[in-house]
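Breakdown of the fold
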Amino acid sequence: LDLFSIRARDLLQFSNPEKNYDFLSGLLIGSELRDLKEPSNGKIYLTGNERLQIRYAKALDFLDLDYQPITPGTELTVHGHCMIYHKFKHKPRKT
């Protein structure tokens, strides 16, 4: 299946939008985690809204990978943004 066929299933009423959302979400999570064998730093931290945390947790359990759920919050978001900033602040932009 491709993205077009998922949308066509919805438009032609072969499937309802919620089922299509669930299916697409599963495809995206699976694609994101497909090549993950061992995390680069030895830990996987799982954060996000509850609905996504549940989906990722199921996928990580299926892959038999350990993870630590973290309650999302402002402090965590700011910390992540700071890490990204410090990693890329000295790299020139591509234009």
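Anyway, here's the lowdown on the structure attached to this text.

Here is what the cut-offs are and how they apply
Just so you know, the residues in each chain are numbered from 1, in the order the chain's sequence is written. Totals for whole chains, interfaces and linings use every residue, but because this is a predicted model, local features are given only for residues with pLDDT of at least 70 and side-chain atom pairs only at 80 or more, for both listing and counting. To obtain the side-chain values, all non-hydrogen atoms of the structure were included, while hydrogens and water were left out. Here a helix means four or more residues in a row that DSSP labels H or I, a strand means two or more in a row labelled E, and each is numbered from the N terminus. Axes here refer to lines fitted to C-alpha atoms; in helices the fit is confined to the stretch in contact. Angles between the N-to-C directions go from 0 to 180 degrees. By definition in this entry, angles of less than 35 degrees are roughly parallel, angles greater than 145 are roughly antiparallel, angles of 65 to 115 are roughly perpendicular, and the rest are oblique. Put simply, a crossing is left-handed when the front helix is turned counterclockwise from the back one by less than a right angle, and right-handed when it is turned clockwise. Working rule for contacts: check all heavy atoms of both residues, and any pair within 4.5 Å makes them a contact. Note that Gly is not counted as nonpolar here; it falls among the polar residues with everything else outside the nonpolar set of Ala, Val, Leu, Ile, Met, Phe, Trp, Tyr, Cys and Pro and the charged set of Asp, Glu, Lys and Arg. Among buried residues, those of type Ala, Val, Leu, Ile, Met, Phe, Trp, Tyr and Cys that are joined through side-chain atoms within 4.5 Å constitute a nonpolar core. Relative accessible area decides the class of each residue, using a 1.4 Å probe on protein chains only: under 20% of the type maximum gives buried, over 50% gives exposed, and in between gives partly exposed.

**Points about unusual backbone geometry**
One non-glycine residue, aspartate 64, lies in positive phi territory at about 60°. Structurally, aspartate 64 can be placed in the loop between α3 (50-62) and β2 (68-69).

**Some words on the packing of helix α2 (residues 17-33) against α3**
Helices that pack against each other are described as a pair by the angle of their axes relative to one another and the distance between those axes. Interhelical geometry of α2 versus α3 gives an angle of 55° and a closest axis separation of 10 Å. Taken together, the axes of α2 and α3 are oblique relative to one another. Considering how the two elements wind past one another, α2 and α3 form a crossing that is right-handed. Two secondary-structure elements touch here, α2 through Tyr21, Asp22, Ser25, Ile29, Glu32 and Leu33 and α3 through Arg51, Leu52, Arg55, Tyr56, Ala59 and Leu60. Tallied by class, residues from the contact of α2 with α3 come to seven nonpolar, one polar and four charged.

**Looking at the nonpolar core**
In this structure, Ile29, Leu33, Ile44, Leu46, Tyr56, Ala57, Leu60 and Leu65 together form the largest nonpolar core, which totals eight residues. Sorting the residues of this core by element identifies α2 and α3 as the ones contributing at least two each. Take this core: its biggest share by element is three residues, from α3.

As far as function goes, none of this settles anything; it's purely spatial.
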